[in-house]
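Coordinates in review
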Amino acid sequence: MIMEFVSNYLSFLEIERGLSQNTIAAYKNDLFLFFEYFNKINDINEIKRTHLSEYIRHLGKDHQNPATITRKIASIKGFFRYLCSVCNIKNNPALSIVTPKVSKKLPKVINMDEIEKMFKEKMNLREQAVFELLYATGLRVSELVELEIKNIDFKNNSIKTMGKGSKERIIPFGAKAKAALNAYFKERDAVLKISTSKRKAPNKAFLNNFGEKITRQWVYTFIKNLGSIINKSISPHTIRHTFATHLLENGADLRVVQELLGHENIVTTQIYTHISKKHLKEVYFAING
C-alpha cells in the first residue's frame, strides 16, 4: 500500500510538476531507502515523527554528508506534503522536522586568462563548436546534447532550449560561437551523408563520427581533458558557472542572468554575486597587498 502511494507521487512529479527523469529517480531512491529502513510498517499512517528523527540519526551514523542528508529529508517532506494535500492523509510526521542548513560552497569558476588559454588549445571542429557554445550560452550538458538544428537561429544569433520543468528559454550567442557552429556544421553534414547507423540523428545539432547524437559522457570527458591544460578539475557545469560569473562581472543584470540560466528562483542565481565579490577582493588585495 505504501509503495502505491510512492508510485502515485512519482507520477505526480512527472506529469504535474514536469520534473526530469533524473530528479524523479533521486526521489524514488530516497523514498525507497526510507521505507526499506522501516520495512515492518505497512500503513502510511503508522509513520510518526519519531520514525523520521530515528532515520535522520541513522543517516548521520552512516557517515553520509550533510548535503545528502538534507536532500533525503527534503524528499521525505515533499512526499508527506503530497499525501496531505492530494491524498487526504491527515498525518504529516515531517511537518515539524527541521532540515539542517548546509553551507553552500561557491561553484568553481575559470578566470579569463584560463578561458583564453583553453580556447588556444588545438581542437577539432566539433570540440571547438561545443566549447564555444557552452561558454557563450551557459547551457546544461543535457540541453547541449538534446539541442536540435531547428532550434538554432543563425539570423538572430540565438538558440531555443527546453530546461528543467519543461521551461523554454531563448539564449543569444556571439560571433565566435556562430563562426564555430558554421564551420562544424559543414563537417557534420558530410558525416550524415555517409552515415549508415540505425541511430543516425539528423535532427540533433551535435553528432559523433557515426552521425549519432553525442553523449553526456563524451562532453564530460572532453571538458575534463580541457581542464588539464589549466591544471583544474572541471566539468561542463564549471563552464556554466563561468558563463554566469563573467556576465555579472561585466555588468549584466542579475535578472537577465537568471533568465539565461533558466533558474526558477533568483536566490539560486544570487550565489554568482558572491563569486564576483570574492573575485573583486582577490584583485584588490593583489594590487594593494
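In this report, we go over the structure that sits alongside the text. Just so we're clear, the structure is a prediction, and the values are computed from it rather than from any experiment.

1. Structural notes on helix 1 (residues 2–15)
Compared with the 20 Å implied by 1.5 Å per residue over 14 residues, the 20 Å span of helix 1 between its first and last C-alpha is a close match. For helix 1, the set of buried residues is I2, F5, V6, Y9, L10 and L13. Axial view of helix 1: buried residues confined to an arc of 135°, hence all on one face. Looking at the buried side of helix 1, the elements it contacts are helix 2 (21–37) and helix 4 (66–86).

2. Looking at the nonpolar core
Judged by nonpolar contacts, the single largest core of 48 residues is most densely connected at F131, L144, F206 and I223. For this core, the secondary structure elements donating two or more residues are helix 5 (112–119), helix 6 (125–137), helix 7 (141–146), helix 8 (175–194), helix 9 (216–227), helix 10 (236–249), helix 11 (254–261) and helix 12 (266–288). Ignoring anything within four residues of it in the chain, the contact list for F131 reads I115, M118, F119, M123, F222, I223, L226 and I239. Counting 28 residues, the second largest nonpolar core, distinct from the first, contains I2, Y27, I41 and F80.

3. Here's the deal with the side chain of E132
Structurally, E132 can be placed in helix 6. No salt bridge is formed by the buried E132; its nearest oppositely charged neighbour, K176, is found at 6.2 Å. The contact partners of E132, leaving out residues within four places of it in the chain, are F119, K176, A177 and A180.

4. A closer look at the packing of aromatic side chains
If you walk through the whole model with that rule in mind, you get 20 aromatic pairs. Centre to centre, the rings of Y37 and F38 are 4.9 Å apart; their planes meet at 90°, and the pair counts as edge-to-face. Assessed through its relative accessible area of 33%, Y37 is described here as partly exposed. Within the aromatic cluster, the residues linked to one another by ring pairs are Y9, F12, Y27, F34, F35, Y37, F38, Y55, F79, F80 and Y82.

5. Some points on the environment of I24
Inspection of the secondary structure assignment puts I24 in helix 2. The buried category is assigned to I24, whose relative accessible area is 9%. The spatial distance from the C-alpha of I24 to the C-alpha of E14 is 7.2 Å, given a sequence separation of 10 residues. Beyond its immediate sequence surroundings of up to four residues, I24 is in contact with L10, L13, E14 and L19.

6. A few points about the sheet that holds strand 3 (residues 168–172)
In space, the three strands of this open sheet follow the order 1-2-3, with antiparallel pairing throughout. Strands at the two margins of the open sheet, each flanked by one partner only, are strand 1 (152–153) and strand 3. Bridge count for strand 2 (residues 158–162) against strand 3 is five bridges, and the pairing is antiparallel. Paired with K160 across the strands is I170, a residue of strand 3.

7. Looking at helix 9
With 12 residues, helix 9 should cover 16 Å at 1.5 Å per step; its first-to-last C-alpha distance of 17 Å lies within 8% of that length. Listed as buried for helix 9 are V219, F222, I223, L226 and G227. What you see down the axis of helix 9 is that its buried residues fit within an arc of 145°, all on one side. Exposed positions of helix 9 whose direction lies more than 90 degrees from the buried face are Q217 and K224. Contact partners of the buried residues in helix 9: helix 5, helix 6, helix 7 and helix 10.

Rules used in this analysis
- Residues numbered from 1 in each chain as written.
- Predicted model: local features only at pLDDT ≥ 70, side-chain atom pairs only at ≥ 80, totals over all residues.
- Heavy atoms only, no water.
- Helix = DSSP H or I, 4+ residues; strand = E, 2+ residues; numbered from the N terminus.
- Expected span 1.5 Å × (residues − 1).
- Buried < 20%, exposed > 50% of the residue type's maximum accessible area, 1.4 Å probe, protein only.
- Arc of directions from axis to C-beta.
- Contact = heavy atoms within 4.5 Å.
- Core = buried A, V, L, I, M, F, W, Y, C linked by side-chain atoms within 4.5 Å.
- Lys, Arg positive; Asp, Glu negative; His and termini not counted.
- Salt bridge = Lys/Arg side-chain N within 4 Å of Asp/Glu carboxyl O.
- Phe/Tyr/Trp six-rings, centres within 6.5 Å; stacked < 30°, edge-to-face > 60°.
- Pairing = 2+ DSSP bridges.

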